[in-house]
Each structure stands twice: as structure tokens, then as C-alpha cells.
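# Inside the fold
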Amino acid sequence: MTGPAQWSLALSAATGLSALCLPNAAMSHTTRRRTVALQYALALAGPAVAAVDFA
């Protein structure tokens, strides 16, 4: 299960970069807000999945 945990952290970084780098014309405020929320969820899910694997 460490593989999915690493993928979750990698997707979190990619999601955060997309929310940061895309201009306002390409992404609405609501979409950007949801993307950042998804980034935080993925960032928290990675260590949680790894903790379940090591338990």
C-alpha cells in the first residue's frame, strides 16, 4: 500500500501546481477552490494510507 500512498502525494503536488500556475482565465475561482481542497485531501490521504499499511 505504499505505492498508492506515494501516488496520492504525487497527485497532491500536481494538483497544487495546476491550481497555482493556471491563469484566472483558464480556471474559475470555484474550480480553483475545489482543486486546492482536493490537493489537501490527497496530501492527508497519503500518510493515512501508509499508516494503515504499516499497522
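Quick caveat: nothing in here was measured; it's all calculated off a predicted structure.

What follows covers the side chain of Arg32. If you trace the backbone, Arg32 turns up in helix H2 (residues 29-54). When its relative accessible area of 16% is taken as the criterion, Arg32 is described as buried. Apart from the residues lying within four places of it in its own chain, the contact partners of Arg32 are Ala19, Leu20, Leu22, Pro23, Asn24 and Met27.

Take the side chain of Ser8 next. Within the secondary structure layout, Ser8 lies in helix H1 (residues 2-21). A polar contact is formed between the side chain of Ser8 and the backbone oxygen of Leu42, at a distance of 2.6 Å. Ser8 has contacts with Leu42, Ala45 and Gly46, leaving out every residue within four places of it along the chain.

Here the focus is H1. The first and last C-alpha atoms of H1 sit 29 Å apart over 20 residues, in line with the 28 Å expected at 1.5 Å per residue. Listed as buried for H1 are Ala5, Ser8, Ser12, Thr15, Gly16 and Ala19. Along the axis of H1, the buried residues cluster in a sector spanning 100°; they form a single face. Opposite the buried face of H1, at more than 90 degrees from it, the exposed residues are Gln6, Trp7 and Cys21. On its buried face, H1 sits against H2.

Conventions adopted
Residues numbered from 1 in each chain as written. Predicted model: local features only at pLDDT ≥ 70, side-chain atom pairs only at ≥ 80, totals over all residues. Heavy atoms only, no water. Helix = DSSP H or I, 4+ residues; strand = E, 2+ residues; numbered from the N terminus. Buried < 20%, exposed > 50% of the residue type's maximum accessible area, 1.4 Å probe, protein only. Contact = heavy atoms within 4.5 Å. Polar contact = N/O pair within 3.5 Å; in protein donor to acceptor, adjacent residues only side chain to side chain. Expected span 1.5 Å × (residues − 1). Arc of directions from axis to C-beta.

Without other data, these values stay purely geometric and don't point to any function.
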